[in-house]
Structure formats: C-alpha cells, structure tokens
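This is what each chain is made of:
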Amino acid sequence: MSMGRYAASTDPEAGRDGDGAVLLRSPSGATARVSLHGGQVVSWKNDRGDELLFTSSKAIMKPPKAMRGGIPICFPQFGNCGTLERHGFARNRMWALDEEHPGLSRSDSGSRSLVDLILKPSEEDQKSWPHSFEFRLRISLTKDGDLSLVSRIRNVNGKPFSFSFAYHTYLSVSDISEVRIEGLETLDYLDNLSQRERHTEQGDAITFESEVDRVYVSSPNVIAVLDHEKKRTFVIRKDGLPDTVVWNPWEKKAKTMADFGDEEYKQTLCVDAAAAERPITLRPGEEWTGRLELSAVPSTNCSDHLDQPGIM
Ligand code: BG6
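Residues numbered from 1 in each chain as written. Predicted model: local features only at pLDDT ≥ 70, side-chain atom pairs only at ≥ 80, totals over all residues. Heavy atoms only, no water.

- For the protein, an unreviewed UniProt entry supplies the name glucose-6-phosphate 1-epimerase and the organism Aegilops tauschii subsp. strangulata.
- Looking at the Catalytic activity (unreviewed entry) heading of the UniProt record, one finds this comment for the protein: "alpha-D-glucose 6-phosphate = beta-D-glucose 6-phosphate".
- If you open the UniProt record of the protein and go to Sequence similarities (unreviewed entry), you find "Belongs to the glucose-6-phosphate 1-epimerase family." (UniProt positions renumbered as here; feature names shortened; annotations may be inferred.)

## Some points on the site of the ligand
So, point 1. The full set of residues close to the ligand is Arg-68, Phe-78, Arg-86, His-87, Arg-91, His-168, Asn-192, Asp-213, Trp-247, Lys-253 and Asp-272.
So, point 2. At 3.0 Å, a side-chain N or O of Arg-68 approaches an oxygen atom of the ligand.
So, point 3. One nitrogen or oxygen atom from the side chain of Arg-86 is found 2.7 Å from an oxygen atom belonging to the ligand.
So, point 4. Summarising the interface, the protein chains cover 89% of the accessible area of the ligand, which totals 390 Å² for the free molecule.
So, point 5. Residues of the shell around the ligand, tallied by class, amount to 2 nonpolar, 3 polar and 6 charged. (Near = heavy atom within 4 Å. Polar contact = N/O pair within 3.5 Å; in protein donor to acceptor, adjacent residues only side chain to side chain. Areas by Shrake-Rupley, 256 points an atom, 1.4 Å probe, with all protein chains shown as cover. Nonpolar A, V, L, I, M, F, W, Y, C, P; charged D, E, K, R; others polar.)

## Overview of the packing of aromatic side chains
So, point 1. On inspection of all chains with the given rule, the structure shows 20 aromatic pairs.
So, point 2. Judged by centre distance (5.2 Å) and plane angle (85°), the rings of Phe-75 and Phe-135 are edge-to-face. Taken together, the residues Phe-75 in the loop between strand S5 (73–74) and strand S6 (96–97) and Phe-135 in strand S8 (residues 133–141) connect sequence positions 60 residues apart. Accessibility classification places Phe-75 together with Phe-135 in one group, the buried group.
So, point 3. Where Tyr-170 meets Trp-247, the ring centres are 6.2 Å apart and the plane angle is 85°; that geometry is what we call edge-to-face. With Tyr-170 in strand S11 (residues 170–172) and Trp-247 in strand S18 (residues 243–248), this residue pair connects regions lying 77 residues apart in the sequence. When sorted by exposure, Tyr-170 lands in the same class as Trp-247, which is buried.
So, point 4. Of the aromatic side chains, those joined through ring pairs into one cluster are Phe-75, Phe-89, Trp-95, Trp-129, Phe-133, Phe-135, Phe-161, Phe-163, Phe-165, Tyr-167 and Trp-288.
So, point 5. A cation over a ring is seen here: Arg-214 above Tyr-189, with NZ or CZ 4.2 Å from the ring centre. (Phe/Tyr/Trp six-rings, centres within 6.5 Å; stacked < 30°, edge-to-face > 60°. Helix = DSSP H or I, 4+ residues; strand = E, 2+ residues; numbered from the N terminus. Buried < 20%, exposed > 50% of the residue type's maximum accessible area, 1.4 Å probe, protein only. Lys NZ or Arg CZ within 6 Å of the ring centre and 35° of its normal.)

## Considerations on the pattern of salt bridges
So, point 1. By the definition in use, this model includes 17 salt bridges.
So, point 2. Here Glu-182 makes a salt bridge to Arg-180, at a shortest N to O gap of 2.4 Å.
So, point 3. According to the relative accessible area criterion, Arg-180 is partly exposed, its value standing at 22%.
So, point 4. Arg-198 is the partner of Glu-277 in a salt bridge, and the nearest nitrogen-oxygen pair spans 3.0 Å. On the criterion of sequence distance, the pair formed by Glu-277 in strand S19 (residues 268–282) and Arg-198 in strand S14 (residues 197–200) is long-range, its members being 79 residues apart.
So, point 5. Linked through salt bridges whose partners overlap, the residues forming this network are Asp-188, Arg-198, Glu-277 and Arg-278. (Salt bridge = Lys/Arg side-chain N within 4 Å of Asp/Glu carboxyl O.)

## Things to note about unusual backbone geometry
So, point 1. For the bond from Pro-63 to Pro-64, the omega torsion is 15°, close enough to zero to count as cis.
So, point 2. The residue Pro-64 is located in the loop between strand S4 (40–45) and S5 in this model.
So, point 3. Between Phe-75 and the following residue, Pro-76, the backbone shows a cis peptide bond with an omega angle of 5°.
So, point 4. Turning to its location among the elements, Pro-76 is positioned in the loop between S5 and S6.
So, point 5. Positioned with a positive phi, His-87 is a non-glycine residue whose angle comes to about 65°.
So, point 6. Structurally, His-87 is set in the loop between S5 and S6.

## A few points about the side chain of Arg-68
So, point 1. Considering the arrangement of structural elements, one finds Arg-68 in the loop between S4 and S5.
So, point 2. Since its relative accessible area comes to 17%, Arg-68 is described here as buried.
So, point 3. There is a polar contact of 2.9 Å between the side chain of Arg-68 and the side chain of Tyr-170.
So, point 4. Within the structure, Arg-68 has its side chain in polar contact with the side chain of Asp-259 (distance 3.1 Å).
So, point 5. Other than its neighbours up to four places away in sequence, Arg-68 contacts Phe-54, Thr-55, Ser-56, Ala-59, Tyr-170, Trp-247, Met-257, Asp-259 and Phe-260. (Contact = heavy atoms within 4.5 Å.)

Here it is, written out as structure tokens:
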C-alpha cells in the first residue's frame, strides 16, 4: 500500500485480521493508529507513549462491527433516530486510501503526519439509504501531537439528503468519579435515558455518578474534560458540529454489553462532537465539513487552551 508523500506508514503490527491500519507519528513522538475498517482511530498516544483513547479489553478486533473504543464515525445516522442500524453504517465499512484529496491544502503535509481516507456507498448501503455521497476523512497529528479529524461529505446525487453525525470519542480516564466536564454548564440537553426529554443544566461543572446519555445542544466549540487523578485535561475543539454527546453506560448497562468489561465504565467517558439534534441537509453538489481537534495537556495548563475561542 503506497502512502506517497505523506508522513504516514502502513503498520504491519497493527493489522486487524489482515485489514491493515495506518500509523501516524508526529515529530514530538506522539502516534495515532487508524484502521481502514470504519476509518476509525483506534489509538492515540502522547510523546511519552501514554494511550489517550480507551479500548475495551473485550473489544472485537475484526469486522463486521466497529471495535469498542477509539473514535468510531457515526454516519449517516446518529443513535437510533432513523431507520438504519444504530449510529449508521460508516463505522462498519471498509474505507479506502484517498489518493486525490481534492480541495484540501497540501501545505499541511510538511508539518503534519496525515492520512486521507474515502468512503463511498455500496449498492447494499444504497438499498437502505438511497443516496450517493463521497465522504472524505483526513486524520492528522500536529507537530505537538494533537489529533485532528476533518470530515467532508459531498452530495453527488441528483436530490437532497439529510444525515446526522458524530465523532464517537472514547476518552481514556483514570476513574470516572475523578472526571468533570467544563463548558456545558448552563446548556439544554436531550436525555436519551428518557425519550430525549429536554432539560437544562443548572450551572455546575458536569460530574458522574450514574449512567449518562445526553445530547447537549448548541454547545460551545471548545470544552474541557478534566481528569483530576491523572492531572490531565482533554481540550476538545469542534467546528461545523453544533452538539456534544456525553455517554457513560455505568455498571448495569456495562454488564449487558458483550464487548465491554463489567468494570470498564470507570475507565472511559465518551464525549462526541456531533450533529445530532437537527440533521444536516445537503443539496445536489453541496459539501459539508465537520472538524474535531483533541489535545491532552497537563491540567495546570488547560486554562490557556480554553481561552482560545476558535478551532484550527
Ligand atoms: C451512545 C449512545 O452515543 O452510543 C448510546 O447515546 C449507545 O445510546 C452508545 O448505547 C453505544 O452504542 P453502540 O452501538 O456502539 O453500542
């Protein structure tokens, strides 16, 4: 498999039952591993080699389903809000390396380690979702080791279509009881645990003591997930994605999940940049872009990052 000019390489060690994976490495020594199955980031490590994304010890590492952990891509449907399988089919499909990557600046390739992937619908996909699209996904590591995902979805059909979307991000945390989220404090959320009933947060930073499955609507483009025990803060930046989904299955639900350890709910928190409340509609020829950038910084430094309003 040729990676051409990219500072990326195929990684024979990372093969998932022969499906292959791509290893990205930043100048600082951070790494990310990307599976062609699902276009899923399956590992992101800092320059000390600490894994920053969660993978279940019970994860099933072969197709057809997405493995439990990393960053599965939810498209063209988030959750069960539609007629498709939960979270849509993109996370369960084989993606291809995209040799063309039209429209994206190549100047990136000097300072970033990156890979471009593409997904087009199969005939089978079009039976359940009768639309034509090109989904281009660029995954890159900045020189400092931040992880960036840029999705561009183009309608190549003769009629409009709508979709929902999420970067379903399984962060690795020391202990869920030591974690809090800042940036969602006064927002409205739809509670998936009670038929998407709408509630409003009362102003405190969000902490965890039971199952949570919420869509925070119209959330800010920068939020932080603080892990006290690890003294680490994840700074999550998004663009083009109005919502933030927060999910932890907690103990009872964890026990019903075959590919998730009974106690593993303590070690992860899903915080997804998403377009979940309202679908995105593309007319023929139109293209949508949704970006996610993740940094992991020592907690003492995180206020500097939160002061920055924009993204990328
Ligand atoms: C979350 C949903 O995003 O993903 C939950 O809000 C769901 O309802 C969870 O249980 C995991 O989904 P799956 O299909 O990967 O088991």
